Amino acid sequence: VSEGNVNTQRIISMMNVSDDELVIDAKGIYSIENFLTARMFMYWQVYYHKTSVLAEFLLVKILARAKYLVSEGKELPASENLAYFLHKNEFEKATEEDIQRFTELDDNDVIQAIKFWTKNEDVVLSYLCKCVIERKFPKTLISSKPFDSEFIEDKVARTNNKFGQGIGTELVDQISRNLLPYNAEEQPIYLLQKNGEKITLDHSENQILSSFINQLNTKYILSFPREI
């Protein structure tokens, strides 16, 4: 997307070194602010887009559910390497075999297993897998504040009525994503003044956006079955 475009060549040309530390010439302040805001828009519009966030969440949840079922003694079809990790105790220290098998895993192992699991007798696992394979993701709502507990409980109750008691808590989720565009404390950007003095980006008299992008921002996504 166009919001992700930045003038990298100008930023590189503005780089300097002062006291063995990477700094930016003061005249490059607007290029740096543009870079930070462009990255912020990329996170909210692409990396943290609700569909991307939900897809990632579903994949993690599918594997967690599969691992839980295996721990309960259920047999799930999976490739040799994926089955190895489904049965492995994650609290054990990693071994050479773990590393070798992990590097041999790829998307095909996971997608093939998810296709098999769409027909599994476990309602939660099969539903989540169908969401991914059939590209019919759960319904989502976005908010800048946590969702009201009564509102969530209503979605859980409706899901229980549709899929069976106890299923609601497994299929209704509140997901959150945090973004701090510029962390002035942990990763300060220093500007080199003409007199050789160094100041942080947010203390420059010429800064326009820096004072607004060093605030932590959180968005909440409520996910629940479309059927309700």
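To be clear, the structure that these remarks concern was listed above.
Residues numbered from 1 in each chain as written. Predicted model: local features only at pLDDT ≥ 70, side-chain atom pairs only at ≥ 80, totals over all residues. Heavy atoms only, no water.

S.K.: Looking at this structure, how should I read the nonpolar core?
M.R.: Soluble globular proteins: nonpolar side chains tend toward being buried together. Judged by nonpolar contacts, the single largest core of 25 residues is most densely connected at Leu58, Ile62, Leu76, Trp117, Leu125 and Leu128. Secondary structure elements with two or more residues in this core: α3 (50–71), α4 (80–87), α6 (107–117) and α7 (123–133). Here leucine 125 is in contact with Ile62, Arg65, Ala66, Leu69, Leu76, Trp117 and Asn120, once residues within four sequence places are set aside. Judged by nonpolar contacts, the second largest core, of 15 residues, contains Met14, Ile29, Ile32 and Trp44. (Core = buried A, V, L, I, M, F, W, Y, C linked by side-chain atoms within 4.5 Å. Buried < 20%, exposed > 50% of the residue type's maximum accessible area, 1.4 Å probe, protein only. Helix = DSSP H or I, 4+ residues; strand = E, 2+ residues; numbered from the N terminus. Contact = heavy atoms within 4.5 Å.)

S.K.: Explain the sheet that holds strand β2 (residues 21–25) to me, please; I cannot follow it from the model alone.
M.R.: Strand-to-strand pairing in sheets goes through backbone hydrogen bonds, with the strands running parallel or antiparallel. Taken in spatial order, the four strands of this open sheet run β1-β2-β5-β6, and their pairing is mixed. Each having just a single partner strand, β1 (15–18) and β6 (198–200) make up the two edges of the open sheet. Between one strand axis and the next, the sheet turns through 50° on average, direction left out of account. Here β2 runs beside strand β5 (residues 190–192); their pairing, made up of two bridges, is parallel. Pairing of aspartate 25 across the sheet is with leucine 192, part of β5. (Pairing = 2+ DSSP bridges. Axes fitted to C-alpha atoms, helices over the stretch in contact; angles between N-to-C directions.)

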